[in-house]
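Structure assessment
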Amino acid sequence: MLALSAEGILPKVDYAIFADTGWEPKAVYAHLGRLEREVAAPAGIPILRVSSGNIRNDALNPERRFASMPLYIRNPDGKEGMTRRQCTGEYKIKPIKKKVRELLGYPYPQRIPKDVFVEQWVGISTDEFHRAKDADVKYMHNRHPLIDLGWSRADCVRYLTSLGLADTPKSSCLGCPFHGNAQWRHIRDTSPEEWRDVVEFDAAIRRGNARANAEGNRLLGEAYLHRSRVPLDQAPIDHVTAAEWAALQQELGAEEDAEQWEEGGPDGCSPWTCRGEVQPHQDDFGLAS
């Protein structure tokens, strides 16, 4: 959407907003810098980075209130569960709304007049049209330009490729529990430093919330990043799922309705299409005008 706006295919937006959890892959930060230099700046579109903190550091800090990640839990009786997913709201939606209020000139807790609002573009394509919804606040009016253009994810990839941006990475926390096996393998095989980081984090969260533990709360079970509920460096991430094969076939031009994500949702995370709800990927950009 940013490139379409910069090229004049879509109207020029006033801002693009990137919600930074503080734990994105290095490739995402490098790509964001390139977008700023090569796409946004020449078009006069500021990219605003917003944040509520570093999600990795907060999770391991017993003195910090932490919005829980959806960790996989194995209880002492052998039963399995998951912790509540609060990270999207805290580390993505909350800072974006705060910045929008500032841009409108009504920072919290000021009341925003009914006739004051932003038009917010959300990068949902036709593959995920069911996710196209109105915002939950009156000062943000959602619009979905990719759906208006009739563009699928494949159309977006072709367009990015034409701009020399075929290597656009998927945005998500390095240690997101909703990663599929393909994403875990990608981290392990392409970035040893980041792999060590997520393996160390996986081990560190085994006993759950650091603050809860410091306060003496009863441990309900052991926490893991991988759905198999074994340590990440021992998890069966080399298993290629049927859905992964289907996604590959679609990339090669197979049936359009082939599944695009592995069990548990697609790789990538966004404020308005969190993969925890088994939704397709969109980048973490909100565009306002």
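Residues numbered from 1 in each chain as written. Predicted model: local features only at pLDDT ≥ 70, side-chain atom pairs only at ≥ 80, totals over all residues. Heavy atoms only, no water.

What follows covers the layout of surface pockets. In this structure, the second largest pocket spans a volume of roughly 480 Å³. Along the walls of the second largest pocket sit 23 residues, with Ile73, Thr83, Gly208, Asn209 and Ala212 positioned nearest its centre. Per-class residue counts for the lining of the second largest pocket are 11 nonpolar, nine polar and three charged. (1 Å grid on protein atoms, 1.4 Å probe; cavity = no way out; pocket = protein on both sides within 12 Å on 5 of 7 lines; lining within 4 Å. Points joined across faces, edges and corners; volume = space filled by probe spheres on them. Nonpolar A, V, L, I, M, F, W, Y, C, P; charged D, E, K, R; others polar.)

Turning to the side chain of serine 125, a few remarks are in order. Tracing the chain through its elements places serine 125 in the loop between β5 (118–121) and β6 (140–143). Sequence-distant contacts of serine 125, defined by excluding residues within four places in its chain, comprise Leu146, Ile147, Trp151, Ser152 and Arg153. (Helix = DSSP H or I, 4+ residues; strand = E, 2+ residues; numbered from the N terminus. Contact = heavy atoms within 4.5 Å.)

A word on the nonpolar core. A general tendency of soluble globular proteins is for nonpolar side chains to be buried together. Ranked by size, the top nonpolar core spans 27 residues in total, and within it Trp23, Ile55, Met69, Trp184, Trp195 and Val198 carry the most contacts. The leading source of residues in this core is helix α8 (residues 192–204), at four residues. Setting aside its immediate chain neighbours within four residues, tryptophan 195 contacts Trp184, Ile187, Arg188, Leu232, Asp233 and Ile237. (Core = buried A, V, L, I, M, F, W, Y, C linked by side-chain atoms within 4.5 Å. Buried < 20%, exposed > 50% of the residue type's maximum accessible area, 1.4 Å probe, protein only.)

With that settled, consider empty space enclosed by the protein. Per the counting criterion, the structure on display carries two cavities of 30 Å³ or more. Here the element with the most residues in the lining of the largest cavity is helix α4 (residues 87–104); it accounts for four residues. For the lining of the largest cavity, the residue count by class is 11 nonpolar, two polar and one charged.

Right, let's get into the confidence of the model for the chain. Put simply, the chain has an average pLDDT of 87, and 87% of its residues get 70 or more. Between residues 254–266, whose pLDDT stays under 50, and residues either more than four places distant or in other chains, the model counts 36 contacts. (pLDDT = per-residue confidence, 0-100.)

In this section: the pattern of salt bridges. All chains considered together, the criterion is met by 18 salt bridges. The shortest N-O distance in the salt bridge between lysine 97 and aspartate 136 comes to 2.9 Å. Residue lysine 97 is located in helix α4, and its partner aspartate 136 is located in the loop between β5 and β6; the two are separated by 39 residues in the primary sequence. Classification of lysine 97 as buried rests on a relative accessible area of 16%. A residue is classified by how much of its surface remains accessible, and aspartate 136, at 63% relative accessible area, is exposed. Residue arginine 206 pairs with aspartate 202 through a salt bridge whose shortest N-O separation is 2.8 Å. Like aspartate 202, arginine 206 is buried. (Salt bridge = Lys/Arg side-chain N within 4 Å of Asp/Glu carboxyl O.)

Once that is clear, we can look at α4. Over its 18 residues, α4 extends 25 Å from the first C-alpha to the last, a length consistent with the 26 Å expected when each residue adds 1.5 Å. Of all the bends found along α4, the most pronounced is centred on isoleucine 93 and spans about 35°, while proline 95, a proline, follows it within four residues. The set of residues buried in α4 consists of Cys87, Thr88, Glu90, Tyr91, Lys92, Ile93, Pro95, Ile96, Lys97, Val100, Arg101 and Leu104. Positive backbone phi, approximately 90°, marks glycine 105, located one or two places after α4. (Expected span 1.5 Å × (residues − 1). Bend = angle between axes of the 7 residues up to and from the residue.)

Turning next to the sheet that holds strand β3 (residues 72–74). Read from one edge to the other, the open sheet built from three strands follows the order β4-β3-β7, with strand pairing classed as antiparallel. Each end of this open sheet is capped by a strand with a single partner; those strands are β4 (80–82) and β7 (222–224). Direction aside, the axes of adjacent strands within the sheet are offset by 30° on average. Across three bridges, β3 lies against β7 in antiparallel orientation. Across the sheet, tyrosine 72 pairs through a bridge with tyrosine 224, a residue of β7. (Pairing = 2+ DSSP bridges. Axes fitted to C-alpha atoms, helices over the stretch in contact; angles between N-to-C directions.)

Mapping histidine 226 onto the fold places it in the loop between β7 and α10 (242–251). Overall, the relative accessible area of 4% leaves histidine 226 in the buried class. Side chain to side chain, histidine 226 and asparagine 181 meet in a polar contact 2.9 Å long. (Polar contact = N/O pair within 3.5 Å; in protein donor to acceptor, adjacent residues only side chain to side chain.)

Turning next to the pairing of strand β2 (residues 47–50). In regular strands, side chains alternate between the two faces of the sheet. In the sheet, strand β1 (residues 15–19) pairs with β2 via four bridges, with the strands oriented parallel. Bridging from a neighbouring strand, phenylalanine 18 pairs with arginine 49 of β2.

This brings us to the pairing of β1. Across the five residues that make up β1, a large majority, four, are buried. Considered for its hand, the β-α-β crossover made up of β1, helix α2 (residues 26–43) and β2 is right-handed. (Right-handed = clockwise from strand over helix to strand, strands pointing away.)

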